[in-house]
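Per-entry structural report
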Amino acid sequence: MSHDHDHHGDAELEVRTRALESLLYEKGLLTAAAVDTLISAYEEDIGPLNGARVVARAWVDPEYRRRLLDDGSAAIAELGYGGLQGEHMVVVENTPAVHNVVCCTLCSCYPWPVLGLPPRWYKDPAYRSRIVIEPRSVLAEFGLALGEDVEVRVWDSSAEIRYLVLPERPAGSEALDEDALAALVTRDAMIGVSRPLAAALAP
Amino acid sequence: MSVQAQVNALSGAQAPPRSNGELVFEEPWQARVFGLAIALVQAQGLDWEEFRRRLIEEIAAGQDAGGGYYEHWLAALERLVIERGLLREAELEHEAARVAGADRHEHDAPGG
């Protein structure tokens, strides 16, 4: 217990961080908006890296994509992502004619080994009921407008089956490598309430 | 590769703590300092390697001291801004003393 670690307390580290931050803003080296945008991107979108890597692999490797759609659990395990408690992972593929979206009408079943923690709205009763009844309106509220000719399929997760959406690869992303592609795959795109980021947002 | 992809590529001892693939911040300042480093590298057009090299050094130097991952991250970022001449060390120390002083003042205030 008396082991004396020579590390600084959180209070001091917090003070140093705030000092650094305020000076960087004061000197015009950085804007608070840039930092806020970046942090929220990491917390909300780029966090679910495991799923993003699965999707990126499927985009570059047609054989992997076939295995993923065939047996989601096994293909995801190939990349070393496990922790599934016996649930079966089913990957559903978006095409120009079909858009998939995932929910859990009963509670908040979620493919956490690939997507991390569910967003707050996923557990919201309004999302859970309305996405089944009026998926097009709900998706439009997320900013995703789908043509009338696109069929919307809503997948209700359960304790036994968890769904992951394989979004369409963004146009113009042909030259990107797997890492750069993974950076375009957002959590929301894998739930099916948005599209991946535009290829232009990659380097 | 984008800076974000380079962050994602940090591996081993250099990799930020994650849970279920998602970054884990134990305290709000950890998220701030994480974002500051990446945003600064982007805003100033620096090479991510300049930060990463210092992070590696700080992690190696701090291994026996028991500091946390983001303590090393902060130390690496402080060194980067000082060594690149963006801020002076004395300035940082002065500002830290001011922030700490303002904190104490707030804590003394009733209802603060």
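Shown above is the structure to which this text applies.
Residues numbered from 1 in each chain as written. Chains lettered and ligands numbered in written order. Predicted model: local features only at pLDDT ≥ 70, side-chain atom pairs only at ≥ 80, totals over all residues.

For the rest of this paragraph, the subject is the overall build of chain B. Helix and strand counts for chain B stand at 5 helices and 2 strands. Split into buried and exposed, the 112 residues of chain B put 37% on the buried side. A sequence separation of at least 24 residues applies to 55% of the contacts in chain B between residues at least 6 apart. (Helix = DSSP H or I, 4+ residues; strand = E, 2+ residues; numbered from the N terminus. Buried ≥ 20, exposed ≤ 12 C-beta atoms within 10 Å, placed from the backbone. Contact = placed C-beta atoms within 7 Å.)

The next thing to look at is the packing of helix H3 (residues 48–62) of chain B against helix H4 (residues 69–83) of chain B. Residues and elements named next belong to chain B. At their nearest, the axes of H3 and H4 sit 8 Å apart, and the two run at 130 degrees to each other. On the basis of their axis angle, the class for H3 and H4 is oblique. Every pair of crossing elements has a handedness; the one defined by H3 and H4 is right-handed. Of the residues in H4, those in contact with Glu50, Phe51, Arg54, Leu55, Glu58, Ile59 and Gly62 of H3 are Glu71, His72, Trp73, Ala75, Ala76, Leu77, Arg79 and Leu80. (Axes fitted to C-alpha atoms, helices over the stretch in contact; angles between N-to-C directions. Parallel < 35°, antiparallel > 145°, perpendicular 65-115°, else oblique. Left-handed = near helix turned anticlockwise from the far one by under 90°.)

Before going further, it helps to spend a moment on the packing of helix H2 (residues 28–43) of chain B against H4(B). Residue and element names in this part refer to chain B. Where H2 meets H4, the closest approach of the two axes is 10 Å, and the angle between their N-to-C directions is 40 degrees. One way to sum up the angle between H2 and H4 is to call them oblique. The chirality of how H2 crosses H4 is left-handed. Mapping the contact onto sequence places Gln30, Val33, Phe34, Leu36 and Ala37 in H2 and Tyr70, Trp73, Leu74 and Leu77 in H4. Of the residues that constitute the contact of H2 with H4, the class distribution is 8 nonpolar, 1 polar and no charged. (Nonpolar A, V, L, I, M, F, W, Y, C, P; charged D, E, K, R; others polar.)

One finds A:Val55, A:Val185 and A:Met190 to be the most contacted residues of the largest nonpolar core, which totals 43 residues. The element best represented in this core is helix H3 (residues 49–60) of chain A, accounting for 7 residues. Ignoring sequence-local partners within four residues, the contact set of A:Val185 consists of A:Ala52, A:Val55, A:Ala56, A:Pro167, A:Met190 and A:Pro196. B:Ala39, B:Leu80, B:Val81 and B:Leu87 belong to the second-largest nonpolar core, a separate cluster that totals 35 residues. (Core = buried A, V, L, I, M, F, W, Y, C linked by C-beta atoms within 7 Å.)

All names here are of chain B. Within the element layout of this structure, Gln30 appears in helix H2. Placed 39 residues apart in sequence, Gln30 and Tyr69 show a C-alpha to C-alpha distance of 9.2 Å. Apart from the residues lying within four places of it in its own chain, the contact partners of Gln30 are Phe25 and Tyr70.

What follows covers the environment of A:Val60. All names here are of chain A. Within the element layout of this structure, Val60 appears in helix H3. For the pair Val60 and Asp177, spaced 117 residues apart in the sequence, the C-alpha separation amounts to 8.2 Å. Among residues more than four places away in sequence, those in contact with Val60 are Glu178 and Leu181.

Moving on, we come to H3(A). Along an α-helix, residues three or four positions apart point the same way, because every turn accommodates 3.6 residues. Helix length check: H3(A), at 12 residues, gives a terminal C-alpha distance of 16 Å against a target of 16 Å (1.5 Å per residue), a fit within 8%. For H3(A), the buried fraction is high: 10 of the 12 residues fall into the buried class. (Expected span 1.5 Å × (residues − 1).)

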